[in-house]
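# Understanding the architecture of this molecule
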Amino acid sequence: MTASQPAAPTVHLAQLNVATLRHPIDDPRIAPFVEMLDPVNAAADRAPGFVWRLVEDGTDDATGLRPAGENVIVNLTVWESQEALWDFTYRSGHLEVMRRRRDWFERHVAAHLVLWWIPAGHVPTVGEALDRLADLRANGPSPRAFTFASSYAATEAAAPQGL
């Protein structure tokens, strides 16, 4: 008799966060952030539960993409679970970036992070991600668009208004 393998997840968690740069990305005041990009992205790529992250063609990150405005950078990732994303965000080298974010980024008045459940295997588009962020900003947290502080289970998102 062989041990059964755990079932593959049927949903994954997508995450978008946006940040408004205080200075252009090539400004020396932003250099410490830029220097952290490769090690933090490499750590994400190796993190348990990591599935995918947006990168600009021909680069290792997405800082050159500006779909949310000239001074706004985006980070779009997919994770196997909310716990995996939480662990990477708050229990890894990424935490140093979080601690220093005010050095590099403006304080956002509106929501700057959105989470939502997607079918496993789906790669979210930037447009889809920005729509979810707009939904969160307009309507507050729901199974369709939520945050760590106001999260919803994948089963709640499976309702017609969710996925």
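Calculation rules
- Residues numbered from 1 in each chain as written.
- Predicted model: local features only at pLDDT ≥ 70, side-chain atom pairs only at ≥ 80, totals over all residues.
- Heavy atoms only, no water.
- Salt bridge = Lys/Arg side-chain N within 4 Å of Asp/Glu carboxyl O.
- Helix = DSSP H or I, 4+ residues; strand = E, 2+ residues; numbered from the N terminus.
- Buried < 20%, exposed > 50% of the residue type's maximum accessible area, 1.4 Å probe, protein only.
- Pairing = 2+ DSSP bridges.
- Expected span 1.5 Å × (residues − 1).
- Contact = heavy atoms within 4.5 Å.

### Points about the pattern of salt bridges
- If you walk through the whole model with that rule in mind, you get 5 salt bridges.
- Here Asp-87 makes a salt bridge to Arg-91, at a shortest N to O gap of 2.4 Å.
- Residue Asp-103 pairs with Arg-100 through a salt bridge whose shortest N-O separation is 3.2 Å. Pair noted here: Asp-103 and Arg-100 are both in helix α3 (residues 94-104), with a separation of 3 residues, about one helical turn.

### Describing the pairing of strand β3 (residues 72-79)
- Summarising burial for β3: 7 of the 8 residues are buried, a large majority.
- For strand β1 (residues 11-20) and β3, the ladder comprises 8 bridges, and the chain directions are antiparallel. In the sheet register, Leu-16 faces β3, and the bridge partner there is Leu-76.
- Here 3 bridges tie strand β2 (residues 50-53) to β3, and the two strands are oriented antiparallel to one another. Residue pairing in the sheet places Trp-52 in a bridge with Val-78 of β3.

### As for helix α4 (residues 126-139)
- Between its first and last C-alpha atoms α4 spans 20 Å; for 14 residues at 1.5 Å apiece the expected length is 20 Å, and the two agree.
- When α4 is considered as a whole, its buried residues turn out to be Val-126, Glu-128, Ala-129, Arg-132, Leu-133, Asp-135 and Leu-136.
- Turning to α4, the residues buried within the fold contact β1, β3 and β4 (113-119).
- Looking one or two places after α4, you find Gly-140, whose phi comes out positive at around 80 degrees.

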